[in-house]
Amino acid sequence: MVAAMKVDSVLVVGSGSAGLIAALSLKKKHPRLKVTVVSSRRLGIIGVGEGTVPYVVNFIHQYLGMDEHHFFQEVDPVYKLGVRFTWGNRDYFDYTFSQNQWAFQAPDLGRPSGFFAQHGHHGIDLPGALMEHNHALPTRGAGFPDLPPAGNLVAWHLENKSFVAWLDRSCEEAGVTMIDGEIESVEQEDDGSLKRIFLRDGRKLSASLFVDASGFRSELLGKTLEEPFESFHQSLFCDRAVVGGWDRRPGESILPYTLSDTMNGGWCWRIDHPGRINRGYVYSSNHLTEEAAETEFRQFCPEIETTRIVKFRSGRHQRVWVKNVVAIGNAAGFVEPLEATAIMSICLQARWLTDGLIDSQQNPNPSLIDLYNRYSGQLWDEVKEFLAIHYRLNQRLDTPFWKDCRSETKLSRGEDLLEFYRENGPSRIAEILIPKDSPFGIEGYFAMLVGMNAPMEKKNDPAFQKGQLWKQRLQNLAKIGARGLSMEVVREKLQDPEVWKAIRAAG
C-alpha cells in the first residue's frame, strides 16, 4: 500500500489505441492536467481490423462527447450488430448486442426465449433479423437509417490505423503534448516509484503519474516494476494468430457483423471494412505448427494475400496500478479477440482512472488504488471465464485441440452455471450466478449456451399455440430485417450532414 499522491502531470508511454484513449480521456475530463504521450513513431501501428462492443461507442460519443458525424467521416467504421458463430452442432448462431435474446421473456410466451430454440433460432431479435439479410440498420421514414442512440445495439468494426490517426488528432486538439522518442532507461525513487524516463536522444521526462500503454512489452509495469503476471493458459490454450486479408472485390458485401469460424486448432475471424476484409486464424501452437496453421488458413480463405504471425500470451498482471504506474491495455493484460473486448477494456480502465482522479481531487489514495486493481482484475477474469465457456462447449470438430478443450478447459464460476443450465435450461434465475457488472450479462452467457445447444434436462415442449406464437414472432422480425439498409447504403447516406441532422432531430 502506498500513500496518497498528488497528480498534476501524467506521462503516457505508448501511442497506440490504449495510450491515446487514456490520454484523451484524462485531458477531456481534466483540462488543466498536463498530459504527455511519448512513443516512437518508428515502431508503427499494427494495421489490423478491430471489433468493438457498444460500450466503446458510448464511451467515445457520450462519455468523451466526441462528434458522431465527424468520427464517421474520419474513421469510416462499419456498424457491427454482433458475432456470427459457426460453433457447436447448429449450422450457426448469432450473439447480438440486444437485451431481447434467449433470456428475454415475451409476455405471450410465458417462458424465456431460450426454451423455444427448437422452433427457430435465427433472427430472434432485431439485430439478428437484420444480420439474416446482411443489413446494418433498420430504416425509418424517408429512407433514413434508424441509427440507435450511441452505445445501444450497435458497435463498430474499426481499421486500426484510421482509428489511431483520429485519436492522435483528437489528443492534439484537446491539448495533449505528443513526443516522438524511444525509452533508453528509467530512473526510480528510493521507494521504487518512477522518477523520470530517459530517451535515447538524451531528453528526460518526468511526471507524477505514469501510464504504461506500451503493449505486450509492458515497459514500466512488467519490466521496470516486475509486477507478476498470471497466465490464463489453463483456460485459454491459443497463443498464436496468423493474420491476413484482401482488398474488397466488386460485389463483395460488407458484413455488418463479425464472423467466428471453428478451425482445426482454434478459430478464424472475419472483420469487414469498407475497402478491405481482414481475417485471422487464432490457434494453439501446442496443437499446430506455424506451417500447418498457414496451410489450413489459406485453404479456408483462398483470397488472402500476404500473412504474418502474431504471438501472444493470455493473462494479466496481478495488479495494474503499482506505486505511481498504471498499466492500460495489453501492458496490463490480454485475452484473444474472440469477443472483441480489447478496446472495451481500454475504455473501462481509462474511465476508472479518469473518474478516480476526479473523485479524489487528483490525490488518489490507497483505497482507491486497491479498488482500481480489484476492478481491473475482475474484468480480466470475467472475460477469461466467458471465453473459456466458448471452448468447453464447442463440439463441432473432434480434432485433438477441440478434444482437449472439452476435457481440460478450466472453469471456475462457470462450472456452477453449466450445472444449473444442465438441470434447469435457460431460466433467468441463472442471472444470480453472473456478476452484476459483467460486460456480457445473462444474455451473453445464454447466447453461447443456447447457441451451442449445451446439454439440458428440462426440455421444453410448449403447446402448439406457443410454438406458433414463437414462429410468428420470428416472421414479424424477418419482415423488418428485410426492409433494412445494407452497410453500403448506410455509409453513403451518413456521409451527408443533413441526414445526421434529420436522424438526431427525430430522436
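Here goes a summary of the coordinates provided. (Residues numbered from 1 in each chain as written. Predicted model: local features only at pLDDT ≥ 70, side-chain atom pairs only at ≥ 80, totals over all residues. Heavy atoms only, no water.)

## A short note on the overall build of the protein chain
Thinking step 1. Along its length, the protein chain carries 15 helices and 24 strands.
Thinking step 2. Expressed as lengths along the three principal axes of its C-alpha atoms, the size of the protein chain is roughly 75 × 55 × 45 Å.
Thinking step 3. Here the contacts in the protein chain between residues at least 6 apart in sequence split such that 76% fall between residues at least 24 apart.
Thinking step 4. Here the protein chain displays about 21000 Å² of accessible surface, and carbon together with sulfur accounts for 48% of that area.
Thinking step 5. Positive and negative charge centroids in the protein chain, built from 58 and 64 side chains respectively, lie 2 Å apart. (Helix = DSSP H or I, 4+ residues; strand = E, 2+ residues; numbered from the N terminus. Contact = heavy atoms within 4.5 Å. Areas by Shrake-Rupley, 256 points an atom, 1.4 Å probe, with all protein chains shown as cover. Lys, Arg positive; Asp, Glu negative; His and termini not counted. Charge placed at Lys NZ, Arg CZ, Asp CG, Glu CD.)

## Comments concerning helix 3 (residues 68–75)
Thinking step 1. Among the residues of helix 3, E68, H69, F71, F72 and V75 are the ones counted as buried. Buried residues in helix 3, looked at end-on, bunch into an arc of 160 degrees, giving them a common side.
Thinking step 2. One side-chain oxygen of the residue at the start of helix 3 lies 3.2 Å from the amide nitrogen of H69, identifying that residue as D67.
Thinking step 3. A positive backbone phi angle near 55 degrees is found at D76, which sits one or two residues after helix 3. (Buried < 20%, exposed > 50% of the residue type's maximum accessible area, 1.4 Å probe, protein only. Arc of directions from axis to C-beta. Polar contact = N/O pair within 3.5 Å; in protein donor to acceptor, adjacent residues only side chain to side chain.)

## Details of the layout of surface pockets
Thinking step 1. Estimated volume of the second largest pocket: approximately 700 Å³.
Thinking step 2. Taken together, 32 residues make up the lining of the second largest pocket; nearest its centre are M344, D437, S438, P439 and F440.
Thinking step 3. Class assignment for the residues of the lining of the second largest pocket results in 16 nonpolar, 10 polar and six charged. (1 Å grid on protein atoms, 1.4 Å probe; cavity = no way out; pocket = protein on both sides within 12 Å on 5 of 7 lines; lining within 4 Å. Points joined across faces, edges and corners; volume = space filled by probe spheres on them. Nonpolar A, V, L, I, M, F, W, Y, C, P; charged D, E, K, R; others polar.)

## Thoughts on the pairing of strand 10 (residues 183–188)
Thinking step 1. Of the strand pairs in this sheet, strand 10 and strand 11 (residues 194–199) are connected by five bridges, and their pairing is antiparallel. Directly across from I183, in strand 11, lies its bridge partner L199.
Thinking step 2. The antiparallel pairing of strand 10 with strand 11 creates a hairpin that spans five residues between the two strands, and G192 there sits at a positive phi of about 95 degrees. (Pairing = 2+ DSSP bridges.)

## Topic: the sheet that holds strand 11
Thinking step 1. The sheet built from three strands is open, its strands ordered 10-11-12 with antiparallel pairing. Whereas interior strands pair on both sides, the edge strands pair on one side only; in this sheet they are strand 10 and strand 12 (204–206). Here the strands of the sheet are splayed against their neighbours by 25 degrees on average, with no regard to which way each runs. (Axes fitted to C-alpha atoms, helices over the stretch in contact; angles between N-to-C directions.)

## Notes on the environment of L137
Thinking step 1. Counting through the fold element by element, L137 comes out in strand 7 (residues 135–137).
Thinking step 2. With 16 residues separating them along the chain, L137 and L153 place their C-alpha atoms 9.9 Å apart.
Thinking step 3. Those residues in contact with L137 that lie beyond four places of it in its chain are Y79, L130, P145, D146, L147, P148, V154, G484, L485 and V490.

## Topic: the packing of helix 3 against helix 5 (residues 160–174)
Thinking step 1. At their nearest, the axes of helix 3 and helix 5 sit 9 Å apart, and the two run at 130 degrees to each other. Looking at the two axes, helix 3 sits oblique to helix 5. Taken as a pair, helix 3 and helix 5 cross one another with a handedness that is right-handed. Seen from helix 3, the contacting residues are H70, F71, E74 and V75; seen from helix 5, they are S162, F163, W166 and R169. (Parallel < 35°, antiparallel > 145°, perpendicular 65-115°, else oblique. Left-handed = near helix turned anticlockwise from the far one by under 90°.)

## Structural notes on unusual backbone geometry
Thinking step 1. Notably, D76 is not glycine yet its phi reads approximately 55 degrees, a positive angle.
Thinking step 2. Summarising the element assignment, D76 is placed in the loop between helix 3 and strand 4 (78–80).
Thinking step 3. A positive phi angle is found at Q361, which is not glycine, with a value near 55 degrees.
Thinking step 4. Topologically, Q361 is positioned in the loop between helix 8 (342–359) and helix 9 (366–393).

## Quick look at the nonpolar core
The nonpolar side chains of soluble globular proteins are, as a tendency, buried together.
Thinking step 1. Of all hydrophobic cores here, the largest spans 150 residues; its most connected members are Y79, L353 and Y391.
Thinking step 2. At 11 residues, helix 9 tops the list of elements feeding residues into this core.
Thinking step 3. Judged by nonpolar contacts, the second largest core, of 12 residues, contains M263, I277, L288 and F297. (Core = buried A, V, L, I, M, F, W, Y, C linked by side-chain atoms within 4.5 Å.)

## Here's the deal with the environment of N160
Thinking step 1. As for its position among the elements, N160 is in helix 5.
Thinking step 2. Residue classification places N160 among the buried positions, given a relative accessible area of 7%.
Thinking step 3. Each C-alpha atom of the pair N160 and Q101 lies 30 Å from the other, and the pair is 59 residues apart in sequence.

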